[in-house]
Amino acid sequence: MPRLHYSNQLENLVVPLAHELEKRNPFECVDIVVPNYSLEKWISLKIAQINGIAANLRFITLEKAIYEGFEDNLKDSKFELLKK
């Protein structure tokens, strides 16, 4: 189930994210949706500073996350129509 957290200051989001990631199984991959890939490295470094490590994180853009959500939940014929 996706969780939505938003703020106008990215620093306010990284600390709670790092604490949530600390609770999870480290071998489980986690998807983190970002507005663009330029934030990927910064978020990884901040999480590593807080937790000591940043592993099994998959950064994807919002567009790709929406596309994958449709792909997983729509039947083949409806998804093919959406792709066009």
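Scroll up to find the structure.
So, a few notes on the structure that sits alongside this text. Note that the structure is a prediction, hence the values are computed from the model and not measured.

Parameters at a glance
Residues numbered from 1 in each chain as written. Predicted model: local features only at pLDDT ≥ 70, side-chain atom pairs only at ≥ 80, totals over all residues. Heavy atoms only, no water. Helix = DSSP H or I, 4+ residues; strand = E, 2+ residues; numbered from the N terminus. Buried < 20%, exposed > 50% of the residue type's maximum accessible area, 1.4 Å probe, protein only. Salt bridge = Lys/Arg side-chain N within 4 Å of Asp/Glu carboxyl O. Arc of directions from axis to C-beta. Contact = heavy atoms within 4.5 Å. Pairing = 2+ DSSP bridges. Right-handed = clockwise from strand over helix to strand, strands pointing away.

**As for the side chain of threonine 61**
Argument step 1. Inspection of the secondary structure puts threonine 61 in strand β2 (residues 57–61).
Argument step 2. By relative accessible area, threonine 61 is classed as buried at 14%.

**Comments concerning the pattern of salt bridges**
Argument step 1. All chains considered together, the criterion is met by three salt bridges.
Argument step 2. A salt bridge links lysine 23 to glutamate 20; the nearest nitrogen and oxygen atoms lie 3.3 Å apart. With lysine 23 and glutamate 20 both in helix α1 (residues 11–23) and three residues apart, the pair spans about one turn of that helix.
Argument step 3. A salt bridge links arginine 58 to aspartate 31; the shortest N-O distance between them is 3.2 Å. Here the residue arginine 58 occupies a position in strand β2, and aspartate 31 occupies one in strand β1 (residues 30–34), the gap between them amounting to 27 residues.
Argument step 4. Residue arginine 58 is classed as partly exposed on the basis of its relative accessible area of 27%.

**Re α1**
Argument step 1. Val14, Ala18 and Leu21 are the residues of α1 that are buried. Around the axis of α1, the buried residues are gathered within 70 degrees of arc, so they sit on the same side.
Argument step 2. Buried residues along α1 sit in contact with β1, α2 (38–51) and β2.

**Some remarks on the pairing of β1**
Argument step 1. Of the two faces of β1, the one lined by Val30, Ile32 and Val34 is fully buried and the one lined by Asp31 and Val33 carries no buried residue.
Argument step 2. Note that β1 and β2 share five bridges and pair parallel. Considered in β2, the bridge of valine 33 is made with isoleucine 60.
Argument step 3. A crossover connection joins β1 to the parallel β2 through α2; in handedness this β-α-β unit is right-handed.

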